[in-house]
Structure formats: structure tokens, C-alpha cells
There are 2 protein chains.
Amino acid sequence: MKQGDFFKISYKVTNQVYDGFISTFNDKNPLHVNESYAEDKGFNGKVMHGAILNGFLSNFIGEQLPVKNVIVQTYKIAFLKPVYLNDTLLLKATIADVFESVNCIILKYVFENDSEIVVAKGEISIGLI
Amino acid sequence: MKQGDFFKISYKVTNQVYDGFISTFNDKNPLHVNESYAEDKGFNGKVMHGAILNGFLSNFIGEQLPVKNVIVQTYKIAFLKPVYLNDTLLLKATIADVFESVNCIILKYVFENDSEIVVAKGEISIGLI
């Protein structure tokens, strides 16, 4: 992997992902589970948990990169727009820096929704082990 | 909630959490699922997915804070030491700043393992909605 390498992959927030996240971590905040509460707060429906996107990033790093000998060192993520159930998110990630001296890669990424709106963005530091 | 407020809560990486995370996000990187691979890389066993800690943070923010009208704006997390299956992590979180003008709270946190070693730390920006 080298500076400038670009990856993209789609992740859908299916019912299976949503239910799996809730049954694993038991976050039933009304914003995430109560449609009318979320609408009262100005959203278009139940807002998906931000940490679901961290799960997608885990899949991307652990499974989709061209090498397997990786470990996440840091995550940064900013949630810019709400994500809803059944949204398909396009993850676009670029290798921003490679620090060979410390076997570390910095990856910058965005998640776009179906309307090509960036719903989240961030940076991940990945160690090569 | 006000500056200096302190919270602590334990989360255990049970088999149910580990299996639930994998079945939801399908990250079967060998570091996470292959004991002997992880040991060859210098770890004491399968290393848990970092994003599991984001799931615990989701539970903490959505369910354990004294108010429910919250939404995560940003997460930062640094993984300092490996987390293993059946580790119990103590999450210690402090309200570092409250920005009333923009209804925003900054929370700083660490996760400690059973040996009181800090395994991860970070910062979360939470909006009040």
C-alpha cells in the first residue's frame, strides 16, 4: 500500500446490521429506536448509531485491504449528517501517509449516502504487524 | 451535566459481544479470530476488534448518561494496549467541557483493564438535541 491508493466499498445499514448492533451493545436510546421521538427532534426517522459506521470501518480494514497484517491504532470520526435504516453508504478511503519507519499508515475516509452527501468523515491510523 | 462530572461503568467483552460483533460486521481478520496467528504476532491471544469499544461507548452515551437527548458528533479513540476475550473494561469518563452556546459537551474517557492498565482513551463530542 502506498500514498494515494484509493478504495471504495458500499455498506448498507440493513435491518440485520441494526438489530445485530442493538442486540450486541444494547443502546436503545429513543433517537435510535423511536421513530416519532426522532421525528419530533427534526430527523426523518430513527437515526442509526454512529458506532455502526465504526463496525463498517472494522470490516473494511480487517477484510478489504490488500494485506491482512493490520491493526487499528486510532479512529477519528465526525458524524456530519444523520444515517437512516436501509441507507447504503459508499465508503471512500485514501492512503494519506505511509510512515515506513514505524510501520504505520494514515487513511482518510468519507462515507457518502445515496444522495452523494457526505454523512461522516475521519481518519484512521493503521499499524502493520 | 456540568464540567467535572465523572462516570464509571464496566463492560465485559463476553463471547456474546464478540460473536455478535463478528456476525453483524463480518470482520474475521486473523488477528481477531485465529489464536495462533495472534500469538505469532506477539499477542497473548485473539485481539478484540477496536470497534467493540465504540459499541460500549454507544451504550454509555445512549443509555447511561443522566439525560437521553444526546447525539454523538465526533469520536476519537486511541488503542494503546490489546483487549482480549473475557476482559472486563472499566470505562472512566469525565465531562471536560460544556459549550452551552452550541449545546455541546466534550467528554474525555479511558478504558482500563482488570490490571488497571489503560487500554484505550479518547474524546467524544456530544450534542444535546
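In the block above lies the structure referred to throughout.
Calculation criteria
Residues numbered from 1 in each chain as written. Chains lettered and ligands numbered in written order. Predicted model: local features only at pLDDT ≥ 70, side-chain atom pairs only at ≥ 80, totals over all residues. Helix = DSSP H or I, 4+ residues; strand = E, 2+ residues; numbered from the N terminus. Buried ≥ 20, exposed ≤ 12 C-beta atoms within 10 Å, placed from the backbone. Contact = placed C-beta atoms within 7 Å. Nonpolar A, V, L, I, M, F, W, Y, C, P; charged D, E, K, R; others polar. Pairing = 2+ DSSP bridges. Axes fitted to C-alpha atoms, helices over the stretch in contact; angles between N-to-C directions. Least-squares fit on C-alpha atoms with pLDDT ≥ 70 in both.

Student: What should I look at first to understand the overall build of chain A in this one?
Tutor: When helices and strands are tallied, chain A shows four helices and five strands. In chain A, the succession of helices and strands from N to C terminus is β-α-α-α-α-β-β-β-β. Here the C-alpha coordinates of chain A stretch approximately 50 × 30 × 20 Å along the principal axes. Every one of the 129 residues in chain A was classed for burial, and the buried ones make up 36%. Pairs at least 24 residues apart make up 63% of the contacts formed inside chain A by residues separated by at least 6 positions.

Student: What is the right way to read the interface of chain B and chain A from this model?
Tutor: When the parts come together, some accessible area is lost, and that loss is often what is quoted as the size of the interface. Between chain B and chain A, the contact holds 36 residues from the first and 36 residues from the second. Listed by contribution, the elements that provide at least two residues to the side of chain B that touches chain A are α1 (15-25), α2 (30-33), α4 (50-64) and β2 (70-79) of chain B. Per element, the largest residue contribution to the side of chain B that touches chain A is ten residues, and it comes from α4(B). Of the residues contributing to the side of chain B that touches chain A, the split by class is 15 nonpolar, 15 polar and six charged. Bridge analysis of strand β2 (residues 70-79) of chain A against β2(B) gives five bridges, and the strand direction is antiparallel. The residue of β2(B) that forms the bridge with A:K76 is B:K76.

Student: Sorry if this is basic, but what is going on with the sheet that holds strand β1 (residues 6-12) of chain B here?
Tutor: Each strand in a sheet pairs with its neighbour through backbone hydrogen bonds, running either in the same direction (parallel) or in the opposite one (antiparallel). One open sheet accounts for ten strands, arranged β1(A)-β3(A)-β4(A)-β5(A)-β2(A)-β2(B)-β5(B)-β4(B)-β3(B)-β1(B); its pairing is antiparallel. Of all strands in the sheet, those with a lone pairing partner are β1 (6-12) of chain A together with β1 of chain B, marking the two edges. Each strand of the sheet is rotated relative to its neighbour by a mean of 25°, with strand direction disregarded. Of the pairings in the sheet, the one linking β1(B) to strand β3 (residues 88-99) of chain B comprises seven bridges and is antiparallel in character. Opposite B:F6, over in β3(B), you have B:T94 as the bridge partner. Across the sheet, helix α4 (residues 51-64) of chain A is in contact with β1, β2, β3 (88-99), β4 (104-112) and β5 (118-128) of chain A; its angle to β2(A) comes to roughly 150°.

Student: How do you make sense of the environment of A:K41 when you look at a structure like this?
Tutor: Secondary-structure assignment places A:K41 in the loop between α3 (35-40) and α4. In this structure A:K41 comes out as partly exposed when scored by C-beta crowding, with 15 C-beta atoms within 10 Å. The spacing of A:K41 and A:L31 is ten residues in sequence and 8.3 Å in space, taken between C-alpha atoms. Among all residues touching A:K41, those that are not within four sequence positions of it are A:L31 and B:I129.

Student: Hey, could you run me through the relation of the copies chain B and chain A in this one?
Tutor: Two chain copies, one operation linking them: a rotation about an axis together with a shift along it. With an RMSD of 0.0 Å, the fit of chain B onto chain A corresponds to turning through 180° and sliding 0.0 Å along the axis. Each copy turns onto its partner about a two-fold axis. By C-alpha distance to the rotation axis, the residue of chain B lying nearest is B:K76, at 2.2 Å. Interface overlap between copies: 100% of the residues of chain B at the interface are likewise at the interface in chain A, consistent with a symmetric, same-surface contact.

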